[in-house]
Amino acid sequence: QFGYDRILHTKLNTRLLQMKLGLSDLNAQMFKYNLLDNPFCPMCLDYVESVEHFFFDCSAYTVQRETLFRAIDIILVKYHETLGKVLTPFSSLSLSDKLILFLDGFPLNTDVNSIAVAYILFIASINIELRNAVVHFMYTSGRFKPNTN
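Below is a short write-up of the structure. (Residues numbered from 1 in each chain as written. Predicted model: local features only at pLDDT ≥ 70, side-chain atom pairs only at ≥ 80, totals over all residues. Heavy atoms only, no water.)

Looking at the element boundaries, Asp46 is found in the loop between helix H2 (27–32) and helix H3 (51–57). With relative accessibility at 59%, the residue Asp46 sits in the exposed group. When the C-alpha atoms of Asp46 and Cys58 are compared, they prove to be 9.8 Å apart, with twelve residues separating the residues in sequence. (Helix = DSSP H or I, 4+ residues; strand = E, 2+ residues; numbered from the N terminus. Buried < 20%, exposed > 50% of the residue type's maximum accessible area, 1.4 Å probe, protein only.)

Next up on the list: unusual backbone geometry. Look at Asn34: it is not a glycine, yet its phi comes out positive at around 55 degrees. Tracing the backbone shows Asn34 in the loop between H2 and H3. Of the residues examined, Asn34 reaches a relative accessible area of 69% and is grouped as exposed. The backbone of Leu45 sits at a positive phi, close to 65 degrees, despite the residue not being glycine. Relative to the elements of secondary structure, Leu45 occurs in the loop between H2 and H3. Note on Leu45: relative accessible area 59%, which makes it exposed.

Here we take up the packing of aromatic side chains. Each aromatic ring pair is specified by the distance between its two centres and by the angle formed by the two planes. As enumerated under the stated definition, the model contains 13 aromatic pairs in all. With 4.9 Å between their ring centres and 65 degrees between their planes, Phe69 and Phe90 make a pair best called edge-to-face. Linking Phe69 in helix H4 (residues 62–83) with Phe90 in the loop between H4 and helix H5 (95–104), this pair joins segments that are 21 residues apart in sequence. When the centroid spacing of 6.4 Å and the interplanar angle of 35 degrees are considered together, the rings of Phe69 and Phe102 count as tilted. (Phe/Tyr/Trp six-rings, centres within 6.5 Å; stacked < 30°, edge-to-face > 60°.)

A few words on a nonpolar patch on the surface. Together, Leu17, Leu21, Leu23, Tyr33 and Leu35 make up a nonpolar patch on the protein surface, roughly 520 Å² of accessible area in all. Examined against the element boundaries, Leu21 turns out to sit in helix H1 (residues 6–21). Its relative accessible area of 53% is what places Leu21 among the exposed residues. (Patch = residues over 30% accessible without salt bridge, like charges linked within 9 Å, V, L, I, M, F, W, Y side chains within 5 Å. Areas by Shrake-Rupley, 256 points an atom, 1.4 Å probe, with all protein chains shown as cover. Salt bridge = Lys/Arg side-chain N within 4 Å of Asp/Glu carboxyl O.)

Okay, the state of the cysteines next. In a disulfide, the sulfur atoms of two cysteines are covalently bonded to one another. Counted by the stated rule, this structure contains zero disulfides. With no disulfide of its own, Cys44 has Cys41 as its nearest cysteine by sulfur position, at a separation of 3.7 Å. With no disulfide partner, Cys58 has as its closest neighbouring cysteine sulfur the one in Cys41, 3.7 Å distant. (Disulfide = S-S within 2.5 Å.)

Time to look at the side chain of Arg65. Following the sequence through the fold, Arg65 ends up in helix H4. Comment: no salt bridge for buried Arg65; closest opposite-charge side chain is Asp57, at 6.5 Å. Among the polar contacts made by the side chain of Arg65, one reaches the main-chain carbonyl oxygen of Phe56 at a distance of 3.5 Å. If we skip the residues at most four places from it in the chain, Arg65 touches His53, Phe54, Phe55, Phe56, Asp57, Cys58 and Phe137. (Lys, Arg positive; Asp, Glu negative; His and termini not counted. Polar contact = N/O pair within 3.5 Å; in protein donor to acceptor, adjacent residues only side chain to side chain. Contact = heavy atoms within 4.5 Å.)

The subject of this paragraph is H1. What sets the pattern is the α-helix's 3.6 residues per turn: residues three or four places apart point alike. Under the 1.5 Å per step criterion, the end-to-end length of H1 is 23 Å for 16 residues, consistent within 8% with the ideal 22 Å. Those residues of H1 that sit buried are Leu8, His9, Leu12, Asn13, Arg15, Leu16 and Met19. Axial view of H1: buried residues confined to an arc of 155 degrees, hence all on one face. More than 90 degrees from the buried face of H1, the exposed residues found are Arg6, Ile7 and Leu21. Looking one or two residues beyond H1, the residue adopting positive phi is Gly22, at roughly 80 degrees. (Expected span 1.5 Å × (residues − 1). Arc of directions from axis to C-beta.)

Once that is clear, we can look at the nonpolar core. In terms of nonpolar packing, the biggest core is built from 35 residues, with Met19, Phe54, Phe55, Ile72 and Met138 touching the most fellow members. Considering every element that reaches this core, the biggest residue donor is helix H6 (residues 117–141), with ten residues. With near-sequence residues (within four places) excluded, Phe54 lies in contact with Met19, Leu26, Tyr61, Arg65, Phe137, Met138, Ser141, Arg143 and Phe144. (Core = buried A, V, L, I, M, F, W, Y, C linked by side-chain atoms within 4.5 Å.)

Everything listed is a geometric property; what it means functionally is a separate question.
Set out below in structure tokens:
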């Protein structure tokens, strides 16, 4: 399903959670805790390797990023067609909204008193698809090399 094994997929999901918590192997996060001498991207060397830089700006991952964005667009169209909601196109979202989508997925509509189980399961399945697309980007970028830990 992923083109790589389930253990690696789990490790990449863990890396994604670490990004969200500010504890990943990205240089800016490692530098923050004095684990590296500099916060700069090891690929382009001119920019701080933040979560935003990794997902949206680093020129080393342009092809993988385009694949990720196309996958996200397909998922959003599926969401739109199934629920009939009007969604902002992915390309029109702000950088912070895109990052929230990558790290957190879609929020549940909690203003409804009684959320149907089917709705919760549907949003969960969309979030799994989003997470898989983001993890696939992480895998194809090669930035997070598999290790034995």
